[in-house]
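# Working through the structure, step by step
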Amino acid sequence: MSDGYSIKIIKKLVHAIHVNLFAGFLFLYAFFIMLFFTQSSPFFALNNWDDANAFFTVGKGMALGLIPYKDLFEQKGPLLYAIYELGYLISHTNFFGVYLLESMAMFFDLLLAFKIAKFYLNWLPAALVSLFFPILILNQSAFYFGGSAEEFAIPFLILFLYLILRHFKLFHGKPFSKRFYIVSGLIIGCMLWIKFTFLGGCIGFYIALFIILAGQRKWRELAKAAFYTLIGLVLSSVPWLIYFGVNHALNDLFAVYFKFNLSTYSSQLTIPDKLINSALAIGATLNKNVESKIMFLIGMADFLLTWKYFRSRAEKWMLFSIAVGLILGVYIGGREYVYYFLIVTPLTLFGLIAVGMFLQKSKRLIPHDTSGKGKWMTIIFFAIVTIYLCFGYNTNIQSSRFIVKKMPVQKQFAAIIDRQKNPTLLNYGFLDGGFYLAAHIEPDVRYFEKQNIDHTLYPENMNAQNQYVREGKTQFVVVRSDMHLNPAHIRIPDIHNLYHVVAKQIQILNGRPSLYLLFQKNAR
């Protein structure tokens, strides 16, 4: 064996050690950084986000034998509820299990970001790209309180991007493999069953692929793409079809997850109006996320207008189609919640890579031959800087146990509810406020919360909740109202005849104070 060959082997071994060590570092880094920025963390008494609490309630219900949509009315995908079910099984009484799953999701985000960056950059700048990535993901205007459907879908989207970019880099000019299509189908299926509006990027890719292959008259390749992608999609969907089929809830699945979301939850506008609305929505959202906006525009410009990364126009068109499809999928429904943008943040990775490429060429800034010790000193320094910078964009820590000493209203009410034997509870007129979790209660009514949907569009929700109150269905009812409203003036049918107020407390959420009232059923 020649000395030159031995040196190559040693260099490869050292490189592999560095990569594995860095993966371990990213694992610890992800769990550490999430302690401060998701309210699912043990640093927080509870997660203030009503969406996260609703997901936890449904996930807990699944663990206890209740069926989403049929027994508990919520409109996200069943895979998201299964993730929360796992979080509940890890920790029954709080969000600690969800925190662990969020941290794992962040770890995969960072690891895949590093692997993608490595296609174009040297080891150190690629590592720095992955370290800076959390600044764009954890920006509070998109990340919100933590635990969103978007957060758990990001690893699937980045994996999809990784597989495509890996093919472009390693197998340029060759057709995509059967394995690629099957895995892509699995990814599409997972995203479908978390929240189907996330599929826009995948649809954009397949539209571009269809146009390119049809233009080249490669019909066999098109058939292969459709067939093997469908195999992956079926493999990821069959378990859910079996689950709902066995529980006689297939009609509920399609009626709520698909029909309700498409016909009621989504705005009923014409296609041109939806396109205009989506353009306005993404523009407004980008203006609220200036750092992401800059990185997104830099990345798209550098990847699509130069030849530093791609070797054919087809590759550029595929990336462009993914970006356009993803954005349209998220915003064409006509709704614009701040956290919707989180699923778009993986596209900002291209901007970080573009900046990394610039710095890599400026060898005085990032020397190519940095020693092992120097690399790790640089990584640790930039990890600390990133965590520090994240505090400037995410202020969730202000709601942590370190700062807020007052017992939250959920805990105060739970102390009263827990005095009763086998108590029942209704979260009336607003999304799940975390009262079910705090009181260790699983709802025994289908409409356990009020969805963010106008009563005229879907009257069944509040009609059912009003009926629960009229019948005295639950022992306790939690109501949220304007802080200046006299509880005696609460206008809920028959609530003052059957219930009485046993506790009230003002609590601030998103800077706005609200009055929470706990009604208890009158003794007979």
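This write-up is about the structure you can find in this document. Keep in mind that what you see is a predicted model, and the values were worked out from it rather than measured. (Residues numbered from 1 in each chain as written. Predicted model: local features only at pLDDT ≥ 70, side-chain atom pairs only at ≥ 80, totals over all residues. Heavy atoms only, no water.)

### Considerations on unusual backbone geometry
- For Asn422, which is not glycine, the phi torsion reads 50 degrees and is therefore positive.
- Position of Asn422 among the secondary structure elements: in the loop between helix H17 (409–417) and strand S1 (425–428).
- Although it is not a glycine, Asp494 sits at a positive phi angle of roughly 70 degrees.
- Within the fold, Asp494 resides in the loop between strand S2 (476–481) and helix H20 (495–498). (Helix = DSSP H or I, 4+ residues; strand = E, 2+ residues; numbered from the N terminus.)

### Some thoughts on the layout of surface pockets
- As a volume, the largest pocket reaches approximately 580 Å³.
- Along the wall of the largest pocket there are 24 residues; nearest its centre are Asn48, Ser399, Val404, Gln507 and Ile508.
- In terms of residues, the lining of the largest pocket owes the most to one element, strand S3 (residues 499–509), which gives five residues.
- By residue class, the composition of the lining of the largest pocket is nine nonpolar, 12 polar and three charged. (1 Å grid on protein atoms, 1.4 Å probe; cavity = no way out; pocket = protein on both sides within 12 Å on 5 of 7 lines; lining within 4 Å. Points joined across faces, edges and corners; volume = space filled by probe spheres on them. Nonpolar A, V, L, I, M, F, W, Y, C, P; charged D, E, K, R; others polar.)

### Considerations on the environment of Tyr69
- In this structure, Tyr69 sits in the loop between helix H2 (50–63) and helix H3 (78–90).
- Using a relative accessible area of 0% as the deciding quantity, one classes Tyr69 as buried.
- A sequence separation of 21 residues divides Tyr69 from Ile90, and the C-alpha atoms of the two residues are 24 Å apart.
- Leaving out residues up to four positions away in the same chain, Tyr69 has contacts with Glu74, Gln75, Lys76, Gly77, Pro78, Tyr81, Phe244, Asp252, Leu253, Val256, Tyr257 and Arg446. (Buried < 20%, exposed > 50% of the residue type's maximum accessible area, 1.4 Å probe, protein only. Contact = heavy atoms within 4.5 Å.)

### So, empty space enclosed by the protein
- If you walk through the whole model with that rule in mind, you get four cavities of 30 Å³ or more.
- If you go around the largest cavity, the residues you meet are Asn48, Asp50, Asn53, Gln410, Phe430, Asp432, Gly433, Arg480, Gln507, Leu509 and Tyr516.
- Elements supplying a minimum of two residues to the lining of the largest cavity: H2 and S3.
- Class assignment for the residues of the lining of the largest cavity results in three nonpolar, five polar and three charged.

### Describing a nonpolar patch on the surface
- Nonpolar side chains collect at one region of the surface, where Leu230, Val234, Val238, Ile242 and Val246 lie side by side and expose about 420 Å² of accessible area between them.
- Mapped onto the elements, Val234 comes out in helix H10 (residues 219–246). (Patch = residues over 30% accessible without salt bridge, like charges linked within 9 Å, V, L, I, M, F, W, Y side chains within 5 Å. Areas by Shrake-Rupley, 256 points an atom, 1.4 Å probe, with all protein chains shown as cover. Salt bridge = Lys/Arg side-chain N within 4 Å of Asp/Glu carboxyl O.)

### Quick notes on the side chain of Gln507
- Examined against the element boundaries, Gln507 turns out to sit in strand S3.
- Accessibility expressed as a relative area gives 14% for Gln507, which makes it buried.
- Within the structure, Gln507 has its side chain in polar contact with the backbone nitrogen of Val409 (distance 2.7 Å).
- A polar atom in the side chain of Gln507 sits 3.4 Å from the side chain of Gln410.
- Look past the residues within four positions of Gln507 in its chain and what remains in contact with it is Asn48, Pro408, Val409, Gln410, Arg512, Pro513, Ser514 and Tyr516. (Polar contact = N/O pair within 3.5 Å; in protein donor to acceptor, adjacent residues only side chain to side chain.)

### Re the pairing of S2
- Counting buried positions along S2 yields five of six residues, so the element is predominantly enclosed.
- With four bridges joining them, S1 and S2 adopt parallel strand pairing. Within S2, the position partnered with Leu425 by the bridge is Phe476.
- Where S2 meets strand S4 (residues 512–521), six bridges bridge the pair, whose relative direction is antiparallel. From the neighbouring strand, Arg480 faces S4, where its bridge partner is Tyr516. (Pairing = 2+ DSSP bridges.)

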